[in-house]
Amino acid sequence: MIEYIPFIAVVAMIIIGLYTVVFRRNLIKIVIGISIIESGVNLFLIILGYRDGGVAPIFTSLPPGTSFPEGMVLPVPQALTLTSIVIGVAVLALMLSLVMHIYRKYGTLDVQKIRRLKE
Amino acid sequence: MTKIVKTTANILFPFTMIFGLYVIAHGHLTPGGGFQGGAIVASGCALLLVAYGSPWVFDHIKDKRLATFESLGAIGFITIGLLGLIFGAVFFGNFLAGSGSLFGTTPATGSTLADFNTGGVLPLMNFAVGVKVIAGLFVIILVMAYASSIKEWS
Amino acid sequence: MEKRTVAGALAFSIVVVFFLFSIFLLHPFGKPGQVQMDDYIITHTQNETGTNNGVTSVVFDYRGFDTLGEATILFSAVAGVLLLFRRVRH
């Protein structure tokens, strides 16, 4: 049980974000929920690639006594997380721009009122 | 903002720039790289935006020029990939690694000291991606801050 | 209105139960299963790419196409933001 606690943290973050996306009606809060889901996915990728007692896979001035195929964490999930973070920033900027336009057009951020005001 | 904020931003801005450019330049030796260093430099520019206000920055820095830099970074990145196709074997091939010329030294296996002249095309790609991320993030922040500061737009 | 809330709560609880059961099918924290590719990358990153940093060698050399797609996404996001706010820039 104790070794599954990081995965439980990931599931908690994704569920909190999913609850925000499904049950909140404010667009800003929906954007925050999507961002929390992204953070949960990034944390999931990172803890999938962790090895017990591992150091970062960087060879410049290693700690002495490190055996290097076994004593290092996996580099591929870290690279995928790096990709995912930049994509998250880009998508967040685009979503917030669209939210600003929706607020200027309708004067409200409630998704149900926006649906009723459709012309 | 007040004079205290402006003075603090004036003092901190060069150090943020130097630190971000250091992270970009040493991306193949220490933790970091083009994306992280670009994000650090863009956060320094956001500090400038907070201290002086977006209309002042928008008057002094043209966003079209920033978009040009962003495109230049993308073109440089793809050009290095195509050079790998020409001189090496495959697209994104690392044709400079181990060649002994620019960035061509191969480090010893295991824990080594930092040798800047290693890495093949990776420092060049770090630089191109760094320019791209600096210009891209800063133009996003600048345009959104300016649009939220003025009254009338549609 | 009521029906929508009930249906949303039902679907949400199904997803929650699915997540909570599926985490016990993964490998335990700190003991990854398939590590052959990562061990190859860690062992050969210094004499193949000449780089001390394993993560940078994966991002720009072994999986360069990922970075190309990411650069495309960043470019299209910047283009989209500039297109949405084109009225404010004169």
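Scroll up for the structure.
Residues numbered from 1 in each chain as written. Chains lettered and ligands numbered in written order. Predicted model: local features only at pLDDT ≥ 70, side-chain atom pairs only at ≥ 80, totals over all residues. Heavy atoms only, no water.

Trainee: So what's going on with the interface of chain B and chain A? Residues and values would help.
Mentor: The interface of chain B with chain A comprises 20 residues on the first partner and 15 residues on the second. When chain B packs against chain A, the two sides together hide about 1400 Å² of surface, and 70% of this comes from carbon and sulfur. Inspection of the chain B/chain A interface yields 0 salt bridges. Taken together, the connections running from chain B to chain A amount to 3 residue pairs in polar contact (both at pLDDT 80 or more). (Contact = heavy atoms within 4.5 Å. Buried area = accessible area lost by both parts, 1.4 Å probe. Salt bridge = Lys/Arg side-chain N within 4 Å of Asp/Glu carboxyl O. Polar contact = N/O pair within 3.5 Å; in protein donor to acceptor, adjacent residues only side chain to side chain.)

Trainee: Please provide a residue-by-residue account of the interface of chain A and chain C, values included.
Mentor: In this complex, chain A contributes 45 residues to the contact, which on the side of chain C involves 43 residues. Of the roughly 4100 Å² buried at the junction of chain A and chain C (both faces included), carbon and sulfur atoms supply 77%. Taken as a group, A:Tyr4, A:Phe59 and A:Val76 account for 14% of the area that chain A buries against chain C, more than any other trio of residues on that side. Taken together, the connections running from chain A to chain C amount to 2 salt bridges. Residue A:Asp52 is joined to C:Lys31 by a salt bridge in which the shortest nitrogen-to-oxygen separation is 3.3 Å. Between the two partners, chain A and chain C, sit 10 residue pairs in polar contact (both at pLDDT 80 or more). Counting residues per element, the ones that place at least two in the side of chain A that touches chain C are helix H1 (5-23), helix H2 (27-48) and helix H3 (75-106) of chain A. For the side of chain A that touches chain C, the element with the most residues is H3(A), which contributes 17 residues. Across the side of chain A that touches chain C, the residue classes break down as 36 nonpolar, 6 polar and 3 charged. (Helix = DSSP H or I, 4+ residues; strand = E, 2+ residues; numbered from the N terminus. Nonpolar A, V, L, I, M, F, W, Y, C, P; charged D, E, K, R; others polar.)

Trainee: Can you tell me about the side chain of A:Thr83, naming the residues and giving the values?
Mentor: As for its position among the elements, A:Thr83 is in helix H3. Setting aside residues no more than four positions away along its own chain, A:Thr83 makes contact with C:Asp66 and C:Glu70.

Trainee: Mind laying out the nonpolar core, listing which residues take part and the relevant values?
Mentor: Membership of the largest hydrophobic core comes to 26 residues, with the highest contact counts inside it found for B:Phe35, B:Phe77, B:Met125, C:Val59 and C:Phe60. For this core, the element with the highest residue contribution is helix H5 (residues 122-149) of chain B, accounting for 6 residues. Beyond its immediate sequence surroundings of up to four residues, C:Val59 is in contact with A:Ala79, A:Leu82, B:Phe35, C:Gly64 and C:Thr67. Core analysis: the next-biggest nonpolar cluster, separate from the first, contains 21 residues, B:Phe58, B:Ala67, B:Phe138 and B:Ala147 among them. (Core = buried A, V, L, I, M, F, W, Y, C linked by side-chain atoms within 4.5 Å. Buried < 20%, exposed > 50% of the residue type's maximum accessible area, 1.4 Å probe, protein only.)

Trainee: How would you summarise helix H2 (residues 36-48) of chain C if you had to cite specific residues and measurements?
Mentor: For H2(C), spanning 13 residues, the distance from its first C-alpha to its last is 17 Å, which sits close to the expected 18 Å at 1.5 Å a residue. Along its length, H2(C) reaches its greatest deviation from straightness, about 35 degrees, at C:Ile42. C:Asp38, C:Ile41, C:Ile42, C:Thr45 and C:Gln46 are the residues of H2(C) that are buried. The inward-facing, buried residues of H2(C) contact H3 of chain A together with helix H3 (54-62) of chain C. Downstream of H2(C) by one or two residues, C:Gly50 has phi in the positive range, about 70 degrees. (Expected span 1.5 Å × (residues − 1). Bend = angle between axes of the 7 residues up to and from the residue.)

Trainee: Let's hear about the packing of helix H2 (residues 34-52) of chain B against H5(B): which residues, and what values?
Mentor: All names here are of chain B. Where H2 meets H5, the closest approach of the two axes is 8 Å, and the angle between their N-to-C directions is 30 degrees. In terms of orientation, H2 lies roughly parallel with respect to H5. Between H2 and H5 lies a crossing of right-handed hand. Of the residues in H5, those touching H2 at Gly34, Phe35, Gly38, Ala39, Val41, Ala42, Cys45, Ala46 and Leu49 are Asn126, Val129, Gly130, Val133, Ile134, Leu137, Phe138, Ile141, Leu142 and Ala145. Considered class by class, the residues forming the contact of H2 with H5 number 15 nonpolar, 4 polar and no charged. (Axes fitted to C-alpha atoms, helices over the stretch in contact; angles between N-to-C directions. Parallel < 35°, antiparallel > 145°, perpendicular 65-115°, else oblique. Left-handed = near helix turned anticlockwise from the far one by under 90°.)

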